[in-house]
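Chains, contacts and geometry: an overview
This is what each chain is made of:
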Amino acid sequence: MSTAPVPPAIELAGISKRFGAVAANRDVSLAVAVGSIHGIVGENGAGKSTLMSILYGFYEADAGEIRVAGKPRRIRSPADAIAAGIGMVHQHFMLVDTLSVVENVVLGAEGGARLKGGLAKARAELARLSREYGLAIEPDAIVGELSVGLQQRVEILKALYRGAEVLILDEPTAVLTPAEADQLFALLRALKAQGKTVILITHKLREIMAVTDTVSVMRRGEMVAGFRTAETSPPALAEAMVGRRVLLRVEKPPRERGAAVLEAVGLTCRDARGTETLRDVGLTLHAGEIVGIAGVAGNGQSELLEVLAGLVQPTRGVIRLGGRILTAADRHPARLRERGVMHVPEDRQRSGLVTAFSAAENAILGYQGDPAFRAGPFLSPARIEAHARTAFAAYDVRPPDPALKTAKFSGGNQQKIVLAREIERHPRVLLVGQPTRGVDIGAIEFIHRRLVELRDAGVAILLVSVELEEVMALSDRILALCGGRITGERAAERADERELGLLMAGVTDEAA
Amino acid sequence: MSAAPIDLPRWADTALVPLVSVAAALLVAGLVVIGIGENPLEATALLLRGALGSAEGIGFTLYYTTNFIFTGLAVAVAFHAGLFNIGGEGQATVAGIFAALACTALSAMPGFLSVAGFLAAPIAILAAAAGGAAYAFVPGWLQAKRGSHVVITTIMLNFVAATLIVYLLREVIGKVGSMQPETPDFPPQAVLAPMHQLLAPLGLKLPATPLNSAFLLALMALVAVWLLIWRTRLGYAIRTVGANPRAAAYAGISPAAVTMVAMAISGALAGGLAVNEALGVQHRLVLDFTAGYGFVGIAVALMGRGHPVGVGLAALLFGVLYQGGAELSFDKPTITRDMVVVIGGVLILFAGALDGLFRKLVALALGRGGPG
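The rules behind these values
Residues numbered from 1 in each chain as written. Chains lettered and ligands numbered in written order. Predicted model: local features only at pLDDT ≥ 70, side-chain atom pairs only at ≥ 80, totals over all residues. Pairing = 2+ DSSP bridges. Helix = DSSP H or I, 4+ residues; strand = E, 2+ residues; numbered from the N terminus. Axes fitted to C-alpha atoms, helices over the stretch in contact; angles between N-to-C directions. Contact = placed C-beta atoms within 7 Å. Expected span 1.5 Å × (residues − 1). Buried ≥ 20, exposed ≤ 12 C-beta atoms within 10 Å, placed from the backbone. Nonpolar A, V, L, I, M, F, W, Y, C, P; charged D, E, K, R; others polar. Domains from an automatic or database assignment. Parallel < 35°, antiparallel > 145°, perpendicular 65-115°, else oblique. Left-handed = near helix turned anticlockwise from the far one by under 90°. pLDDT = per-residue confidence, 0-100. Right-handed = clockwise from strand over helix to strand, strands pointing away.

1. Overview of the sheet that holds strand E9 (residues 214-219) of chain A
Note: strands within a sheet are paired through backbone hydrogen bonds, in either parallel or antiparallel orientation. Residue and element names in this part refer to chain A. Read across the sheet, six strands follow the order E6-E7-E8-E3-E9-E10 without closing on themselves; strand pairing throughout is mixed. On the outer flanks of this sheet lie strand E6 (86-89) and strand E10 (222-228), each paired with one strand and no other. Neighbour to neighbour, the strand axes of the sheet diverge by 20 degrees on average, direction disregarded. Where strand E3 (residues 37-41) meets E9, four bridges bridge the pair, whose relative direction is parallel. The residue of E9 that forms the bridge with histidine 38 is threonine 214. Each of E3, E6, strand E7 (166-170), strand E8 (197-202) and E9 touches helix H1 (residues 48-55); the most contacted strand, E7, lies at about 150 degrees to it. Contacts from helix H5 (residues 148-161) reach E6 and E7 within the one sheet, and its direction differs from that of E6 by about 170 degrees.

Here is the structure:
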C-alpha cells in the first residue's frame, strides 16, 4: 500500500460558476494534500468565497467536478458537504449568542427529539476535542459572553464535532487581535498534526507566510498561480494577486508637525453598565501628523473615537478644537462635521453606511443637510449622483455606479465610499477607525497613500487600527492604550513591536 | 454570501411580485367560491361590474380607495422609519374626535362662520390631522424615550381611543336627546363637498355617491409622501433611521427624534380616514366610523411596498374589492360580504406574509428564462 499515492483531500477540477454576466469562477482547479494547510489568496471579488461556497454546497458549480479523498462527490447543500467531511468556519459566525457552547455545538446535530442524550454525548466529545487540540473552552459558557476569538473556536469545534476532516476558514483573522490570530494559527498547526486538512482563505500575506504549506492565488475568478509557501515571498504573492507590482511599504516623507488642532484632557467615559471605558485620557493632535493608537481591541479605542466624534458623551474631561473648549452642544456629530472633524467609523457596515441605500445616497450620509445637494426645497438626485460620481472617480470606487445598492460593493470599495465622503469634505481633523479592515491589497495601498497625502496637506489624523503593522507604518506618533488608559507614547521611528506589545498589555512607562 | 437576499430587477420587485401575489390570492378566493357552489368567473365578472361598471360603482370604489390611501400611507411612512404602526384605527378615531371638537367650536361661533366660512373646512381638516398626529406621537415618544415597542402600544391605544369616543359621544359632544351615539351635524361650511356637486358646474352629471373632495386630498397626500420620503432631508433621515439607526446616529440624525416625528406624520395621515368619513360622508361623528380601514391599511402598505404608487394601486384594488364585493353579495346571496373579508385576508397573506415565496419563484423563473 505504501506505493499507492494518497489522493488529495480535496480536488477541484475545472470549476466554473457564473452569476448573470459575471464569471465568478472560471475553470478553477485545485488540489489540497491531506494533512496540509493550504492558503487561497486573492483580492476581494477574486472568487475565493464563491469557490469555497461551491465546495461547501451553498452554490452548485455550472461545470467541473469535486473529488473528496479521490472520490467524485456531488455537493449540493451544506449537509452534503458535512457528510463528505467538510466543515466551514464563516467570516461572520453562525452562532446563537444566547445558547451555551455545548448547545451551539449540537445545534443541527442534536441526534433525536430529546436534547439530553445529544448534549451528554456532545459534552464528552467536546472534552476530548478540547484535550486533543488544547482548546481551553468552558462548555457551559454562554456564547454571547465569549470573546470573538473564543467564539471562533466554538465554530471550529462545531465543525470538528460533525466529523470534519477538511476545515475551510473564510478570512478567520479579520475579527481577531494579533494575539488571538497567533493562537488560531497554533490551533491550525495542531489540527494539521492530527492529520486534518485546512483551507485558509485570506488576503493577508503575513498569515499565508506564517501558517500555510502551499498557497494558490486567485484573480478575477481564475486560479493564476500556485506556490509552495517556503519558495515564495509576500511581494511575489502580492504581484500575482493584483497583477502588477505593489508597494507593500508606506512611503512617508518626514514632515514638521503644525499647531495643535484637537486636544483632549482627562477624558473619562462610562458605558451603559457603568464600567469605565476611558480613564483620564489626554492627547493632542497637531496639524500634519498621524497619531496612531496601538491597543488590543476592546481597550477603549472605539470609545475614544466615538467620544471625539460626538457619538458618546464623556463623563468627565475637556475637548478643545482649535483652542476653543467644545460645549456639550458642540459635541454632536453634525456640529463637529461643520467644524471640520470628520470620522471614518471602525465598522463601516454597522455605522458608516446604510447598505440598503444606493451608493450615491451613502455618499452624502452625514452631509444630507448641505444645500449643494438640494434644488429648491427638495433633495436633488441629479446633484447627489453627480457629487457621488466625481468622488467615486477620484477614489477609484468600482464599479463607479452611484445608483448601485451599497451592499453590492466589495468591502474595499465600501470603505472607499466612506473615505471619499469624509476626505472630500476637507477635514481639519480626521478620525479613522480600521481603515483597511477587510480591504484588499490594492485598495490598502491606495488608502494608505491617501492618508499620508492628507497628513502632508496639514490634516490632523487619529488612526485606530487592530493591525499593529499599519499603526507603525502610518503614524508619526503612537499612543498605547490599555484598559482605557494611555500607557505610553512613542515616536514612530523609535517604536518597536515588542515594546509596544508590552505597553498594550498594560506595562506602563513608569513601571518599565 | 450564503444568506444573500433574493435580488430581483426593479420592475420585477415592484410590479411582478405583487401581481403574482394578487393572482394567487384571487385563485385561492376562486377556489373558495367553487367550494360554496358558485361560478368564480361569474362572481369575478359581477364583482368587477359592481365596482367599475357604472359611474355610481366607480364613485363608491374611489370613496373606499380614499380611506385605504390614507391608512396605507400612514403605515408606509412609519414603515420607512422602521416602525410598525398598527394604531391607524385609534389615530383615526382621535382625529375624528378632534375634527368634531373643532366643528362644535365652530358651530358656537356663527359670526366667524358667516364671515370666514371658507376657513371652516381647512380648520376641521387640520384639527383631524393634529388629532391623529398627537395620538400617534404618544407611542412614538414611548418608543423613543422609554423603549416601549410601538406595535404593542399602538394596539393598546386603539382600545383606549375606542373607549374614549364612546364616552365623549355619550357624555360630552353627543347630540342632546338622541339615542344614537353621534354628534349633531357639523356646520355646512366645515364639511367637504361631494364629488357630484363639485363636478356639476363642469357639466358633468354624476350620480350621488359618498365620493367627496377628500379623494383629491388623498391624491395630494400620495404626492406629498413621495416628496417627503425621497426628496427631503427629513425623508432621508426617516429612511436612514429605518434602515440603520447606528448609521443615523453617526450621521448626526437623532433616531429618537425621527421616531417621534415619523409616528406623528403617520398619525396625521391616518387622520385622513376621519376627514373622508366624518367630514366628507357622515357630516357628523358616529361610533365605529373607522370600520377596520386602519387595519386594511397595513395590507395596502405591504402590497404597495411602502411606495406611494404602490399604495395608490393597492388602495384601488381594495376599493374595488370592497365596492364589488358589496354588489356581489347583493346579487348572490350565497356569497356574503364575508367573502370580501376572505379575499382581503388571502391577499394580506400572499402579499404580506408569503411575499418571500413568490420572490423566490419569480427569481427562479427569471433565472431560467431571462438572459442573466
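2. Quick word on helix H6 (residues 120-146) of chain B
All names here are of chain B. The terminal C-alpha atoms of H6, which comprises 27 residues, lie 38 Å apart, in line with the 39 Å expected from a rise of 1.5 Å per residue. Among the 27 residues that make up H6, 19 are buried, leaving the element largely enclosed by the rest of the structure. Glycine 147 occupies a position one or two residues after H6 and carries a positive phi of about 70 degrees.

3. Comments concerning the interface of chain B and chain A
Where interface size is given, it is often the accessible area lost as the parts come together that is meant. In this complex, chain B contributes 17 residues to the contact, which on the side of chain A involves 24 residues. Among the elements of the structure, helix H9 (214-231), helix H10 (233-243) and helix H11 (245-250) of chain B are those that each provide at least two residues to the side of chain B that touches chain A. The class makeup of the residues in the side of chain B that touches chain A is eight nonpolar, six polar and three charged.

4. As for the domain arrangement of chain A
Residues and elements named next belong to chain A. Under the domain assignment used here, chain A contains domain 1 (10-242) and domain 2 (260-504). Its C-alpha centre places domain 1 at a distance of 32 Å from the equivalent point of domain 2. Facing 11 residues of domain 1, the contacting portion of domain 2 comprises 12 residues. Taken together, the elements giving at least two residues each to the side of domain 1 that touches domain 2 come down to helix H6 (178-193) and helix H8 (234-242).

5. Some thoughts on the packing of H9(B) against helix H12 (residues 255-282) of chain B
Residues and elements named next belong to chain B. Running from N to C, H9 and H12 cross one another at 165 degrees; their axes reach a closest spacing of 10 Å. Relative to H12, the element H9 is oriented roughly antiparallel. In this structure, H9 meets H12 at a crossing whose hand is right-handed. In this structure, H9 uses Ala214, Leu217, Ala218 and Ala221 to contact H12, whose residues at the interface are Leu269, Gly272, Val275, Asn276 and Gly280. In terms of residue class, the contact of H9 with H12 is made up of six nonpolar, three polar and no charged.

6. Quick notes on unusual backbone geometry
The omega angle of the peptide bond from Arg398(A) to Pro399(A) is -10 degrees, so this bond is cis rather than trans. Take Pro399(A): it is sitting in the loop between helix H13 (381-394) and helix H14 (411-423). With phi around 45 degrees, Ala291(B) is a residue other than glycine that occupies positive phi space. The residue Ala291(B) is located in the loop between H12 and helix H13 (293-303) in this model.

7. Let's talk about the confidence of the model for chain B
Residue and element names in this part refer to chain B. Per-residue confidence for chain B gives a mean pLDDT of 90, with 96% of residues at or over 70. For chain B, the element scoring lowest by mean pLDDT is helix H16 (residues 355-369), at 71; H12 scores highest, at 98. Residue range residues 368-372 is modelled with pLDDT below 50. Its contacts to residues more than four positions away, or to other chains, number two contacts. Overall fold confidence (pTM) sits at 0.81, and the ipTM for the predicted complex is 0.86.

8. With respect to the pairing of strand E20 (residues 460-464) of chain A
Residue and element names in this part refer to chain A. Counting buried positions over the five residues of E20 gives five, a clear majority of the element. Burial of E20 is two-sided: the residues Ala460, Leu462 and Val464 facing one way and the residues Ile461 and Leu463 facing the other way are all buried. Two elements, strand E13 (residues 289-294) and E20, share five bridges in a ladder whose sense is parallel. Bridge pairing links valine 291 to leucine 462 in E20. Here five bridges tie strand E19 (residues 429-433) to E20, and the two strands are oriented parallel to one another. Bridging across to E20, valine 432 finds its partner in leucine 463. On the question of chirality, the crossover connecting E19 to the parallel E20 by way of helix H15 (residues 441-456) is right-handed.

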